[in-house]
Amino acid sequence: MATFTKKLAQPKPNRLRYPDRRSVYWLDQMPPESTGSITKIELTPRWSELCRNKTFYSQVTVSPEWAVSGAALRAVPSDRLCALALPPAPAVGWQPERPLLKPLNRGTQTAVATSRICQLAQPKRRPVLEGCSPKSKPLPLTHIPYKPSAHIELLATPKHDHPKFEGQRSVCWPVSRAARNCSASHRLLELCGPKKRMALFEGYDPNIVSRAARSASPSPRIQQLCLPLPRKCASN
């Protein structure tokens, strides 16, 4: 803190050492020549007070009890303050929480269950398999013998392949004798050859237009497609 205060206490440098910089500092007249390197500045009493170091107290002992003033003892709250001090009322329709263990009424305590309720309260009994004692571990439902119907057995039958189904073709297959002894015709050899074209350094012009393209005439359908839309013509 003291270093920052000393930095602020340093006098500002003289910005008018270079009077020829008219574009930066607008002056009506030339500033007087100064002999010193910096401008002498006199500190005001307020600046001197701000330059002082702050006093820090490492041990601050404040008692938790303090005296109440006489005005606070004799203060009387206003009606508005009393109204604001009241707790907010609950919303309309609010009901308190229902207790976890609600006391039972006498009718519930003396109620007698019907035969139907007693029947529904009984646990379900699973069929006991042959050869298993009742005290053994119960088997899951998937182990209980069950005879499927004829339709389920029909649906469970796997599907067979079509008589004309051919399996996946092998990657390697024998080449026929006709393919091995085949000889290409002159026309086929002509079509297989690359297109002959001169290189650029040999005088090839890629932008030249052929004679057939220059003498071509568009068909009526192409001329019809080249016409602008009627709505655009009307707007123009």
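Residues numbered from 1 in each chain as written. Predicted model: local features only at pLDDT ≥ 70, side-chain atom pairs only at ≥ 80, totals over all residues. Heavy atoms only, no water.

A.B. asks: Can you walk me through the overall build of the protein chain in this structure?
C.D. replies: On a plain count of helices and strands, the protein chain comes out with 12 helices and 0 strands. When the helices and strands of the protein chain are read in sequence order from the N terminus, they spell out α-α-α-α-α-α-α-α-α-α-α-α. Split into buried and exposed, the 236 residues of the protein chain put 1% on the buried side. As presented, the protein chain carries roughly 25,600 Å² of accessible surface, and 59% of it is formed by carbon and sulfur atoms. (Helix = DSSP H or I, 4+ residues; strand = E, 2+ residues; numbered from the N terminus. Buried < 20%, exposed > 50% of the residue type's maximum accessible area, 1.4 Å probe, protein only. Areas by Shrake-Rupley, 256 points an atom, 1.4 Å probe, with all protein chains shown as cover.)

A.B. asks: Mind showing me how you'd approach the layout of surface pockets here?
C.D. replies: Over the atoms rolls a probe the size of a water molecule, and its path tells where empty space is left. Approximately 340 Å³ is the volume attributed to the largest pocket. Listing elements by their share of the lining of the largest pocket, those giving two or more residues are helix 1 (2–9) and helix 2 (45–50). The class makeup of the residues in the lining of the largest pocket is 10 nonpolar, 2 polar and 1 charged. (1 Å grid on protein atoms, 1.4 Å probe; cavity = no way out; pocket = protein on both sides within 12 Å on 5 of 7 lines; lining within 4 Å. Points joined across faces, edges and corners; volume = space filled by probe spheres on them. Nonpolar A, V, L, I, M, F, W, Y, C, P; charged D, E, K, R; others polar.)

A.B. asks: Whenever I open this one, the pattern of salt bridges confuses me. Can you help?
C.D. replies: Close approach of charged atoms allows side chains with opposite charge to pair. Using the criterion set out here, one finds 2 salt bridges in the structure. Where Glu49 meets Arg46, a salt bridge forms, and the shortest distance between an N and an O atom there is 3.5 Å. Of the two residues, Glu49 and Arg46 are both situated in helix 2; the distance of 3 residues between them amounts to about one turn of the helix. For Glu49, a relative accessible area of 46% corresponds to the partly exposed category. Salt-bridge contacts for Glu190 lead to Arg187; the nearest nitrogen and oxygen are separated by 3.5 Å. With Glu190 and Arg187 both in helix 9 (residues 186–192), this residue pair falls 3 residues apart, about one helical turn. Taking relative accessible area as the criterion, Glu190 reaches 48% and is therefore assigned partly exposed. (Salt bridge = Lys/Arg side-chain N within 4 Å of Asp/Glu carboxyl O.)

A.B. asks: For this particular structure, what's the right way to read a nonpolar patch on the surface?
C.D. replies: On the surface, a nonpolar cluster with roughly 420 Å² of combined accessible area is contributed by Ile41, Leu43, Trp47 and Leu50. Of note, Trp47 is situated in helix 2. (Patch = residues over 30% accessible without salt bridge, like charges linked within 9 Å, V, L, I, M, F, W, Y side chains within 5 Å.)

A.B. asks: Honestly, the packing of aromatic side chains in this entry has me stumped. Any pointers?
C.D. replies: Applying the stated criterion across every chain, the model contains 0 aromatic pairs. The residue whose ring lies beneath Arg169 is Trp173, and the NZ or CZ to ring-centre distance is 3.8 Å. (Phe/Tyr/Trp six-rings, centres within 6.5 Å; stacked < 30°, edge-to-face > 60°. Lys NZ or Arg CZ within 6 Å of the ring centre and 35° of its normal.)

A.B. asks: I'm lost on the confidence of the model for the protein chain in this one. Help?
C.D. replies: Close inspection of predicted coordinates is inappropriate in any region flagged by low pLDDT. When pLDDT is averaged along the protein chain, the result is 80; 76% of the residues meet or exceed 70. By mean pLDDT, helix 12 (residues 230–235) is the weakest element of the protein chain at 59, and helix 4 (residues 79–85) is the strongest at 93. (pLDDT = per-residue confidence, 0-100.)

A.B. asks: Looking at this model, I keep getting lost on the side chain of Thr5. Mind explaining?
C.D. replies: With respect to the helices and strands, Thr5 occurs in helix 1. Judged by its relative accessible area of 11%, Thr5 falls in the buried class. Apart from residues lying up to four places away in sequence, Thr5 is in contact with Cys51, Arg52 and Asn53. (Contact = heavy atoms within 4.5 Å.)

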